[in-house]
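# Summary of the model geometry
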Amino acid sequence: MIVSMFVVVIKGISDVGGIDFVWKKATNSNRIEFLNLEPDPRTRYTLWTSIIGDYIGWLAIYAATQSNIQRILSIESISKIRRALLYNMLGLTLIIGLSFSAGLVIYAKYSDCDPVSTKKLQSSDQLLPLFVMDTLGSTPGLSGFFVAGGTCASLSTVSSGLNSLAAIISEDFIKYYRPIFRNLLMSKISKGFCVICGIASFLFSFAAEFADGIYPTTTSLMGSTLAPTLGIFSLGMFFPLANSKGALLGILTGASIGIFVVFCSW
């Protein structure tokens, strides 16, 4: 994925007229805001939402989700865990930087003729595929190379998520109520739930066309559910007297309020 994004960004910069042209287009239209100190929490992108909001968001992803905890617990020592997280941070920083760069290049290319406003595209989510075809379509194999890179990256994330869901359902629910089940049977049950969760996630993808942008929608939904999850982990670490009923009530209340706010904002 990183290599395919590099190819798209570098080829795009070359086609639109260089880095200086891309940067001037972005700054002249106020697309670059490093020090937006707006204190209103309803403003989506400010210095405060980036520092505080992203800190809490990434903390919840890495410290309170089954998929990441499952990965971390599979590493044999603390030193190797720290090393793995460091490598992950470097790779994630590179991917986010490439994504921002791709966004700036796409804006520089289509700022004078917006494909969404002209109804050439139905959604802004289609800008990147259009940009890839306009930039790499003339060179055989490059557009397919980009699609292959994105598909491989998404499949690795989806597979770990489905594995985590199946593990939670099997270990925390099925095994809890049916401890007599043997390991072979539990393995088959876990695989079955993995298939069911995969089908459910595939069906949910059809709802993406009704969303006002995939990224802000998924970020909002993740925030509304991950924040209560992080709260549960924090409750267990700092308040040992808390019980399961209070924790369950807290996470259900927090997630319900978060989801309600997200849907009302649409």
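Since we're looking at a predicted model, the values are computed, not measured. Within each chain, residues carry numbers counting from 1 in the order of the written sequence. Reporting in this predicted model follows two pLDDT cut-offs: at least 70 for local features of residues, and 80 or more for side-chain atom pairs to be given and counted; totals over whole chains, interfaces and linings ignore these cut-offs and use all residues. Computation of side-chain values covers all heavy atoms of the structure but excludes hydrogens and water.

### Considering the overall build of the chain
Working definition: helices are DSSP H or I runs of at least four residues, strands are E runs of at least two. Numbering for both runs from the N terminus. The helix and strand inventory of the chain stands at ten helices and zero strands. The linear arrangement of helices and strands in the chain, starting from the amino end, is α-α-α-α-α-α-α-α-α-α. Relative accessibility under 20% of the residue-type maximum defines a buried residue, over 50% an exposed one, and the middle range a partly exposed one, all with a 1.4 Å probe and only protein chains included. Burial status across the chain gives 22% buried among its 266 residues. Should any heavy atoms of two residues lie within 4.5 Å, those residues are considered in contact. Taking the contacts inside the chain whose residues are at least 6 apart along the sequence as the reference set, 62% of them involve residues at least 24 apart. All accessibility values rest on the Shrake-Rupley procedure with a 1.4 Å probe; residue burial counts only the protein chains present in the view. Here the chain displays about 18500 Å² of accessible surface, and carbon together with sulfur accounts for 68% of that area. Averaging the locations of the 19 positively and 15 negatively charged side chains of the chain gives two centres separated by 12 Å. Lys and Arg are tallied as positive, Asp and Glu as negative. Neither His nor the chain termini are counted. Where a charge sits is defined by one atom per residue type, namely NZ (Lys), CZ (Arg), CG (Asp) or CD (Glu).

### Examining the packing of helix α1 (residues 2-16) against helix α7 (residues 142-177)
Fitting a line to C-alpha atoms yields each axis, with helices limited to the stretch in contact; the angle taken between N-to-C directions then spans 0 to 180 degrees. Contact pair α1 / α7: the axes reach a minimum separation of 8 Å and the direction vectors enclose 140°. Judged by the inter-axis angle, α1 sits oblique to α7. Classified by chirality, the crossing of α7 by α1 is left-handed. Contact residues: V3, S4, M5, V7 and V8 in α1; L142, F145, F146 and G149 in α7. Taken together, the residues of the contact of α1 with α7 sort by class into seven nonpolar, two polar and no charged. Should an angle fall under 35 degrees it is called roughly parallel, over 145 degrees roughly antiparallel, and 65 to 115 degrees roughly perpendicular, with every other angle called oblique. Crossings are sorted by hand: turned counterclockwise from the far helix by less than a right angle, the near helix makes the crossing left-handed, and turned clockwise it makes it right-handed. Each residue gets one label: Ala, Val, Leu, Ile, Met, Phe, Trp, Tyr, Cys and Pro are nonpolar, Asp, Glu, Lys and Arg are charged, and the others, such as Gly, are polar.

### Some details on the side chain of T46
Within the element layout of this structure, T46 appears in the loop between α2 (19-28) and α3 (47-63). Not counting the four nearest positions on each side in its chain, T46 is found in contact with N36 and E38.

### A closer look at the nonpolar core
V8, Y110 and F131 are the most contacted members of the largest nonpolar core, which totals 19 residues. Sorting the residues of this core by element identifies α1, α5 (78-110) and α6 (127-136) as the ones contributing at least two each. In terms of residue count, the dominant contributor to this core is α5 (six residues). For Y110, the contacting residues outside a window of four places in its chain are P115, L127, L130, F131 and D134. Put simply, buried Ala, Val, Leu, Ile, Met, Phe, Trp, Tyr and Cys residues joined by side-chain atoms within 4.5 Å make one nonpolar core.

### Concerning the packing of α2 against α5
Across the interface, α2 lies against α5 with an axial gap of 9 Å and an inter-helix angle of 80°. Taken as axis vectors, α2 and α5 run roughly perpendicular relative to one another. Contact residues: α2 offers F21, V22, K25 and A26, while α5 offers L104, V105, Y107 and A108.

### So, the environment of S201
Positionally, S201 belongs in helix α8 (residues 183-204). The spacing of S201 and V158 is 43 residues in sequence and 9.1 Å in space, taken between C-alpha atoms. Two N or O atoms count as a polar contact when they lie within 3.5 Å, although within protein this holds only if one can serve as hydrogen donor and the other as acceptor, and sequence-adjacent residues are included solely when both atoms are side-chain atoms. A polar side-chain atom of S201 sits 2.8 Å from the main-chain carbonyl oxygen of G198.

### Concerning the confidence of the model for the chain
Here pLDDT means the predictor's own confidence in every residue, given as a number from 0 to 100. Of the residues in the chain, 97% reach a pLDDT of 70 or more, and the chain-wide mean stands at 83. Of all the helices and strands in the chain, α7 carries the lowest mean pLDDT, 81, while α5 carries the highest, 89.

### Topic: the pattern of salt bridges
Here, a salt bridge means any Lys or Arg side-chain nitrogen found within 4 Å of an Asp or Glu carboxyl oxygen. The full count for this structure, using the stated rule, is four salt bridges. Salt-bridge contacts for K11 lead to D15; the nearest nitrogen and oxygen are separated by 3.0 Å. Taken together, the positions of K11 and D15, both in helix α1 and four residues apart, correspond to about one turn of that helix. A salt bridge links D112 to K25; the shortest N-O distance between them is 3.2 Å. On the criterion of sequence distance, the pair formed by D112 in the loop between α5 and α6 and K25 in helix α2 is long-range, its members being 87 residues apart.

### Notes on α8
Helices are assigned an expected span. That span is 1.5 Å times one less than the residue count. End to end, α8 covers 31 Å across 22 residues, agreeing with the expected 32 Å (1.5 Å per residue, within 8%). Those residues of α8 that fall on the buried side of the exposure criterion are M186, I189, C197 and G198. Each element contacted by the buried residues of α8 is listed here: α7.

### Observations concerning a nonpolar patch on the surface
Patch construction takes residues with relative accessible area above 30% that form no salt bridge. Like charges are linked within 9 Å, and nonpolar side chains (Val, Leu, Ile, Met, Phe, Trp, Tyr) are linked within 5 Å. Together, W23, F34, L35, L37, W48, I51, I52, Y55, I56 and L59 line one region of the surface with nonpolar side chains, adding up to about 1100 Å² of accessible area. For the nonpolar patch, the leading source of residues is α3, giving six residues. Locating W48 in the fold gives a position in helix α3.

### A closer look at the state of the cysteines
Here, disulfide denotes a covalent bond that connects the sulfur atoms of two cysteines. Any two cysteine sulfur atoms lying within 2.5 Å of each other are counted as a disulfide. Throughout the structure, instances matching the rule amount to zero disulfides. This cysteine, C194, is not joined by any disulfide, and C197 carries the nearest cysteine sulfur, 7.0 Å off. A relative accessible area of 27% means that C194 is categorised as partly exposed.

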